[in-house]
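Now for the letters of each chain:
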Amino acid sequence: MPYILSFLEGIITFISPCLLPMLPIYLSYFAGGGERTSRRTLINVIGFICGFTAVFVAMGALAGTLGRFLSRYQTALNIVTGAVVICFGLYFLGVFHLNFFRGIRGSGLTGTPGFFSSLLFGVIFSVGWTPCVGAFLGSALMLASQQGSMLRGVLMLLLYSLGLGIPFAVSALLIDRLKATFTAIKKHYRVINTVCGCILILLGLLMMSGLLNRILTVLG
């Protein structure tokens, strides 16, 4: 169950207001110069996905390892991680605003990409765009830390990366057909943010109370 949550958080990150509007710019960059081809775009997008996945998985390994050492303080860990996730939820609801979460304004995309340059850009994206995707990435890391296992932390962030990466790959193949869908999503960002905020607050409360661990044990 926590793995499913991480995967869903990756998908929601993809449609977040600071990431989805940048998608046409990213895909145009990955397509390279000249006439756009689905094959070239997809190869470069896969390189991009591999780049940010490597960094996110490393973060998951660190979170899981720290969680293992802090497992003796499980109650305190639950309270702290839950409180952090609740703060993310309040941010989505607009209770407070932090410029830290607004991401990088410029795209910084120049040149003609190949697989390895796209992979490098994925690494840069994972670090430079973390403020923008930080709420759900942070939530996934908090969940990973509660698992108390490096392997589980790696797996959770791998699934988070897949949740974020698969829509990128699909969009690379179907970008022209998905324009109407993206437009519809943009029109409902306020509703999306409200739902995301409520989900994060509920998740944070469950984490703080320890109920999440119990629920996941029953479902697992």
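Every value quoted in this text rests on a predicted model; they were computed, and no experiment measured them. (Residues numbered from 1 in each chain as written. Predicted model: local features only at pLDDT ≥ 70, side-chain atom pairs only at ≥ 80, totals over all residues. Heavy atoms only, no water.)

Novice: Teacher, can you tell me more about the overall build of the protein here?
Specialist: The number of helices and strands found in the protein is ten helices and zero strands. Taking contacts inside the protein between residues at least 6 apart in sequence as the whole, the part at least 24 apart equals 84%. On the protein, roughly 11000 Å² of surface is accessible, and the fraction owed to carbon and sulfur atoms is 71%. (Helix = DSSP H or I, 4+ residues; strand = E, 2+ residues; numbered from the N terminus. Contact = heavy atoms within 4.5 Å. Areas by Shrake-Rupley, 256 points an atom, 1.4 Å probe, with all protein chains shown as cover.)

Novice: Help me understand a nonpolar patch on the surface, please; the structure alone is not making it clear to me.
Specialist: A surface patch of nonpolar side chains, about 520 Å² in accessible area, is lined by L155, L158, L162, I166, V170, L173 and L174. As for its position among the elements, L174 is in helix α7 (residues 150–174). (Patch = residues over 30% accessible without salt bridge, like charges linked within 9 Å, V, L, I, M, F, W, Y side chains within 5 Å. Salt bridge = Lys/Arg side-chain N within 4 Å of Asp/Glu carboxyl O.)

Novice: Help me understand the packing of aromatic side chains in this model?
Specialist: Each pair of aromatic rings is reported with the distance of its centres and the angle of its planes. According to the stated counting rule, one finds seven aromatic pairs in the structure shown. Ring plane angle 80 degrees and centroid distance 5.3 Å describe the contact between F48 and F52, whose orientation is recorded as edge-to-face. A residue pair is termed a helical-turn pair when its members lie 3 or 4 positions apart in one helix, as F48 and F52 do in helix α3 (residues 38–69) at four residues. Here the two residues F48 and F52 agree in accessibility, since each one is buried. Here F48 and F168 contribute two aromatic rings whose centre-to-centre distance is 5.3 Å and whose plane-to-plane angle is 70 degrees, an arrangement assigned as edge-to-face. Taken together, the residues F48 in helix α3 and F168 in helix α7 connect sequence positions 120 residues apart. Taken together through their ring pairs, the aromatic side chains of F14, F48, F52, F56, F121, Y160 and F168 make up a single cluster. (Phe/Tyr/Trp six-rings, centres within 6.5 Å; stacked < 30°, edge-to-face > 60°. Buried < 20%, exposed > 50% of the residue type's maximum accessible area, 1.4 Å probe, protein only.)

Novice: Sorry, what's going on with helix α9 (residues 189–209) here?
Specialist: Since the α-helix turns once every 3.6 residues, residues separated by three or four places project in the same direction. Compared with an ideal rise of 1.5 Å per residue, which puts 21 residues at 30 Å, α9 spans 30 Å between its outermost C-alpha atoms and is within 8% of the ideal. Among all positions in α9, only Y189, I192, N193, C196, G197, L200, I201, L203, G204 and M207 are buried. Burial along α9 is one-sided: seen end-on, the buried residues are contained in an arc of 165 degrees. Exposed residues lying more than 90 degrees from the buried face of α9 are V191 and L202. Positive backbone phi, approximately 85 degrees, marks G210, located one or two places after α9. (Expected span 1.5 Å × (residues − 1). Arc of directions from axis to C-beta.)

Novice: For this particular structure, what's the right way to read the nonpolar core?
Specialist: As a rule of thumb, nonpolar side chains are buried together in soluble globular proteins. Within the largest apolar cluster, 43 residues are counted, with the highest numbers of intra-cluster contacts made by Y26, F30, L157, L164 and F168. Residue assignment for this core shows that the elements contributing at least two residues are α1 (2–14), α2 (23–31), α3, α4 (74–92), α5 (115–128), α6 (130–147), α7 and α9. The residues contacting L164, other than those within four sequence positions of it, are G10, I11, T13, F14, L19, F52, F56 and F125. (Core = buried A, V, L, I, M, F, W, Y, C linked by side-chain atoms within 4.5 Å.)

Novice: Explain the confidence of the model for the protein to me, please; I cannot follow it from the model alone.
Specialist: Detailed conclusions should not be drawn from predicted coordinates in areas where pLDDT is low. Per-chain confidence: the protein averages 76 in pLDDT, with 76% of residues scoring 70 or above. The least confident element of the protein, judged by mean pLDDT, is helix α10 (residues 211–219) at 64; the most confident is α7 at 88. (pLDDT = per-residue confidence, 0-100.)

Novice: Please explain the side chain of S6 as it appears in this structure.
Specialist: By secondary structure assignment, the location of S6 is in helix α1. Residues contacting S6, with those up to four places away along its chain left out, are A140, M156, L159 and Y160.

Novice: What am I meant to see in the packing of α1 against α7 here?
Specialist: It is at 7 Å that the axes of α1 and α7 come closest, and there the two elements cross at 35 degrees. α7 is crossed by α1, and the crossing has right-handed handedness. The segment α1 lies against α7, with P2, Y3, S6, F7, E9, G10, I11, T13 and F14 engaging R152, L155, M156, L159, Y160, L162, G163, L164, I166, P167, F168 and S171. Tallied by class, residues from the contact of α1 with α7 come to 14 nonpolar, five polar and two charged. (Axes fitted to C-alpha atoms, helices over the stretch in contact; angles between N-to-C directions. Left-handed = near helix turned anticlockwise from the far one by under 90°. Nonpolar A, V, L, I, M, F, W, Y, C, P; charged D, E, K, R; others polar.)

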